[in-house]
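# A closer look at the structure
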Amino acid sequence: MYASNPWGGPMEIANGGDTTEDERSRNLTTEWDRASVMHQYQHHGALDETQQSWLLGPPEDKKKNKYVDLGCVVCSRKLLKWTMWLFALALLVIALPVIIAKTIPKHKPHEPPPDEYTAVLHKALMFFNAQKSGRLPSNNGVSWRGNSGLQDGSALTDVKGGLVGGYYDSGENVKYHFPMSFAMTMLSWSVIEYEAKYRATGEYDHVGGGLVNGTTPDDYYCWERPEDMDYARPVQTTNSGPDLAGEMAAAFAAASIVFRDDTAYSAKLVKGAATVFAFARDFAKRTTYSKGNPYIEYNYNSTGYYDEYMWGSAWLYYATGNTSYISLATNPGIPKNSKAFLMTPKLSVLSWDNKLPAAMLLLTRLRIFLNPGYPYEDMLQMYQNVTGLNMCSYLQNFHVFNWTQAGMIELNVNGQANPDLQYVVNAAFLASLYADYLNASGIPGWNCGPTFISTDVLRQFATSQIDYILGSNPLNMSYVVGNGKNYPKRVHHRAASIPHDKNKYSCTGGWKWRDSANPNPNTITGAMVGGPDHSDKYKDLRNNYTYTEPTMAGNAGLVAALVSLTSSGGYGIDKNTIFSAVPPLYPVSPPPPPPWRP
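None of these values were measured; they are calculated from a predicted model.

### A closer look at helix α5 (residues 116-130)
It helps to recall that an α-helix has 3.6 residues per turn; residues three or four apart then point in one direction. Look at α5: 22 Å from first C-alpha to last across 15 residues, which is about the 21 Å you get at 1.5 Å a residue. Along α5, the positions that sit buried rather than exposed are Y117, T118, V120, L121, A124, L125, F127, F128, N129 and A130.

### Structural notes on the environment of P583
Mapped onto the fold, P583 is located in the segment after α21 (552-565). Owing to a relative accessible area of 38%, P583 belongs among the partly exposed residues under this scheme.

### Some remarks on the packing of helix α14 (residues 356-369) against helix α15 (residues 377-393)
At a minimum axis distance of 8 Å, the contact between α14 and α15 shows a crossing angle of 125°. The angle between the axes of α14 and α15 places the two elements in the oblique class. For the crossing formed where α14 meets α15, the hand is left-handed. Where α14 abuts α15, its residues P357, M360, L361, L363, T364, L366, R367 and I368 lie against E377, L380, Q381, Y383, Q384, V386, T387 and N390.

### Overview of the nonpolar core
Residues W189, W315, Y318 and I466 are the most contacted members of the largest nonpolar core, which totals 138 residues. Among the elements that take part in this core, helix α16 (residues 421-440) stands out by supplying 14 residues, more than any other. For W189, the contacting residues outside a window of four places in its chain are W311, W315, A358, L361, L362, F429, L430, L433 and Y437. Among the nonpolar cores identified, the runner-up in size contains 5 residues, and Y168, C222, M229 and C507 belong to it.

### Topic: the packing of helix α9 (residues 263-281) against helix α11 (residues 306-320)
As a packed pair, α9 and α11 sit with axes 11 Å apart at the nearest point and diverge in direction by 150°. Between α9 and α11, the crossing angle belongs to the class labelled roughly antiparallel. As for the relative orientation of α9 and α11, their crossing is left-handed in sense. Taken together, the residues of α11 that come into contact with α9 (itself represented by V270, A273, A274, F277, A280 and R281) are E308, Y309, G312, S313, L316, A319 and T320. For the contact of α9 with α11, the residue count by class is 8 nonpolar, 3 polar and 2 charged.

### Describing the side chain of T201
Among the secondary structure elements, T201 is positioned in the loop between α7 (195-200) and α8 (242-258). One polar contact links the side chain of T201 to the main-chain carbonyl oxygen of Y198, over a distance of 3.1 Å.

Cut-offs used in this document
- Residues numbered from 1 in each chain as written.
- Predicted model: local features only at pLDDT ≥ 70, side-chain atom pairs only at ≥ 80, totals over all residues.
- Heavy atoms only, no water.
- Helix = DSSP H or I, 4+ residues; strand = E, 2+ residues; numbered from the N terminus.
- Expected span 1.5 Å × (residues − 1).
- Buried < 20%, exposed > 50% of the residue type's maximum accessible area, 1.4 Å probe, protein only.
- Axes fitted to C-alpha atoms, helices over the stretch in contact; angles between N-to-C directions.
- Parallel < 35°, antiparallel > 145°, perpendicular 65-115°, else oblique.
- Left-handed = near helix turned anticlockwise from the far one by under 90°.
- Contact = heavy atoms within 4.5 Å.
- Core = buried A, V, L, I, M, F, W, Y, C linked by side-chain atoms within 4.5 Å.
- Nonpolar A, V, L, I, M, F, W, Y, C, P; charged D, E, K, R; others polar.
- Polar contact = N/O pair within 3.5 Å; in protein donor to acceptor, adjacent residues only side chain to side chain.

Structural data, given as structure tokens:
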């Protein structure tokens, strides 16, 4: 019993039986002042547990907020806890996939397939591997070819190491240096103009005699693989030949620009070019290399050499910067003697024999991009005018050349019965290249008489001819071996036609393979054959070489045309590399006029 209520009011605790009904009612309805209670608590000290239970009743479920001092910020522990959970969740949602993606082995995305021109380009370059003579590298890529001609030139005393190596020209096992040099010049030219495309396609680092109808064992009479040749292989030496020497000079000079990063080798090529060109210009040695030579006249007869003078001197100027060469290339006597300005259709066709269209285009390049002015301007302007007319002659609407019904231009001007695709691909390359020259200089086209022709028309001509060769023709046949499913199977080629087995077939023992009607046992991938006739028909006969024989010069033109048209590596040419050795041009002042006389 307490006599008084220590928490702020009279209160008497007594036995339940001693209280009245009114008192019980009053006690039940009495409201406690919480603030007063807390005041008493602070004044008198902590309450014991019994007192707290009396006054406050059962403890509330709500927990008291706790705070965390983070130094510069005080925040609720609950808020901090939720923040940490959200951060962990974000880490799980965002970072985990990134981590997983980093740990999964990467697969490079599939590159878009190359265009058809790039695919055929790879094959066309393989043809040169099949034509190699001498010791073959392990990565030659033609399983049915091996080392051959290892004794070529071994009897010569003035040639160190003999003449091992080089390329067999066609289906025969002959190494003809005139068309071989032309092929090398064309390949080098295409590399210089389209280096980026060669790099993009992965191809930048790729890159004897016989009597016709004779009976003596030689490269024509015998049908043997190069690896099995067991007959004498004579070497011919010429004491004159400005055409051959001029073409060799062009090949060496053009190659020296391709190999410009290898200073020593490039200089060696320049020296060789200058040496053979000096031989070509020797007045006492100006008889064509093929004249009176029964081993050459039938196949690669040369009709002149002034076109090689223009061609070789142009390349030597680009390779050396020596103005004596450009002075020769633009000397009026050169086009006069080569009949460059007569505009006869035959002279508009680029071939291993006629370099005029290519030489004038090459010199037009100088005018378009460097514009050297006097004293070269007049002749360079004439070269560009004729170049434009040559391009006009390739267009069907001007009716200069015949065309097959299916749309192939007929450029065979050497009297053979059938068109020859080597001339078609050369024209396609020149047209595509000239279009690139004009586009690179911002010129939209040129005039054929009163008619303006856009560069797109030239490109369409080039693509139409290459597309025809690759299968857009009435026979749906690709004239490049290994391209598509329908291509020549009986190519006129000794190594391709004889099985690659352990048997050695003799000179005449191989005739059974020559005369067989069966397809070749070896596929000579990338070889462009002679092509169809005037009616767009083709005879896949091994013995009919006009249809089925490939050549070095033909495939070189094909490669050049393909790389000019492919979209791999972008479009356009390399404007400057070819001029690397050409010094800055300062036009020479023209001579003063003669003194006035009354």
